[in-house]
Amino acid sequence: RSETTGEAEDAKGNRASENHKQTPELVIQDAAYFEQMSAVARTQLLQQIAQGSALIILGANASDSNIWQREFGLRVSPASSDKELAVNALMSLSPTSFVPQMKQSQDWNQSTERPWLAQRSWKKGQIIWLAVADWHRYKISAPDALSLWWQDILDLAQVEKNIEWRVQPEQAMPQLGQRV
């Protein structure tokens, strides 16, 4: 199917101009990608989150703790252990290089059941930091457990709509990030 003159059709058949794109309810972003974004692009993303979107940061590739403190007020420090963390009965995931330090934060929350996840409100939106890696290895060996784990994270991010997943490459650096 082809689109005509800058118009797109949503799942209900409504046509919308490219100039009036709907803001995504959820953005999942690799930490390294966020660290490499320009200050203007970061500001635009945070404005989008402030308007009610959820942002999930995949912390596995984070390398600059200062950015997280400056942009989000999140203190991260090097992980003290490389021991895998049990996230449910069937899945144990590798900790990331940096882990959130909640003792010094009044904006961020972390539950004892999920020490690998930190969460905060950002005006009308939510930000979640995932401090675990290698979750993709369960796509084949435990797909149901992986799906339930992701659903739990989406619930925490307060993503309520039935989402149609679409991967859209970023124009500036397509090899580094995907927008869902």
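Residues numbered from 1 in each chain as written. Predicted model: local features only at pLDDT ≥ 70, side-chain atom pairs only at ≥ 80, totals over all residues. Heavy atoms only, no water.

Asks: What exactly am I supposed to notice about the side chain of Arg120 here?
Replies: Assignment of secondary structure puts Arg120 in strand E9 (residues 117-122). The exposure class of Arg120 is buried, given its relative accessible area of 11%. Ignoring any residue separated from it by four or fewer positions in sequence, one finds Arg120 in contact with Phe72, Asp107, Trp108, Gly125, Gln126 and Ile127. (Helix = DSSP H or I, 4+ residues; strand = E, 2+ residues; numbered from the N terminus. Buried < 20%, exposed > 50% of the residue type's maximum accessible area, 1.4 Å probe, protein only. Contact = heavy atoms within 4.5 Å.)

Asks: Honestly, the nonpolar core in this entry has me stumped. Any pointers?
Replies: Nonpolar side chains in soluble globular proteins tend to end up buried together. If you look at the biggest cluster of nonpolar residues, it comprises 26 residues, and the most contacted ones within it are Leu55, Trp68, Phe72, Leu74, Trp108 and Trp129. Elements that contribute at least two residues to this core include exactly helix H1 (31-36), helix H2 (39-50), strand E4 (54-58), helix H3 (65-72), strand E8 (98-100), E9 and strand E10 (125-130). When residues of this core are assigned to their parent elements, the largest contribution, four residues, is made by H2. Not counting chain neighbours up to four residues away, the residues in contact with Leu55 comprise Val27, Gln29, Leu45, Ile49, Phe72, Gln126, Ile127 and Ile128. Met91, Leu93, Trp116 and Val159 belong to the second largest nonpolar core, which has 23 residues in total. (Core = buried A, V, L, I, M, F, W, Y, C linked by side-chain atoms within 4.5 Å.)

Asks: What is the right way to read the sheet that holds E4 from this model?
Replies: In spatial order, the strands read E3-E4-E10-E9; together these four strands make up an open sheet with mixed pairing. Strand pairing shows two members of the sheet lacking a second neighbour, strand E3 (26-30) and E9, which therefore form its edges. Across the sheet, the mean angle from the axis of one strand to that of its neighbour is 15 degrees, orientation sign disregarded. As defined by bridge partners, E4 adjoins E10 across five bridges and the pair is classed as parallel. The residue bridging Leu55 from the neighbouring strand is Ile127, located in E10. (Pairing = 2+ DSSP bridges. Axes fitted to C-alpha atoms, helices over the stretch in contact; angles between N-to-C directions.)

Asks: What is the right way to read the sheet that holds strand E7 (residues 92-95) from this model?
Replies: Strands belonging to one sheet form pairs held by backbone hydrogen bonds; the direction of such a pair is parallel or antiparallel. With respect to topology, three strands assemble into an open sheet ordered E6-E7-E11, the strand pairing being antiparallel. Every other strand in the sheet has two partners, leaving strand E6 (85-86) and strand E11 (132-133) as the edge strands with one partner each. Sheet analysis places E6 next to E7, joined by two bridges and oriented antiparallel. Residue pairing in the sheet places Leu85 in a bridge with Leu93 of E7.

Asks: Is there a simple way to explain unusual backbone geometry in this structure?
Replies: Glycine aside, a negative phi is what most residues show, and trans is what most peptide bonds show. Its identity is not glycine, yet Asp134 carries a phi of approximately 70 degrees, on the positive side. Along the chain, the position of Asp134 falls in the loop between E11 and helix H4 (138-141). Even without being a glycine, Gln158 presents a positive backbone phi close to 65 degrees. Its location among the elements puts Gln158 in the loop between helix H5 (143-156) and strand E12 (168-169).

Interpretation note: all reported values are geometric properties and have no functional meaning in isolation.
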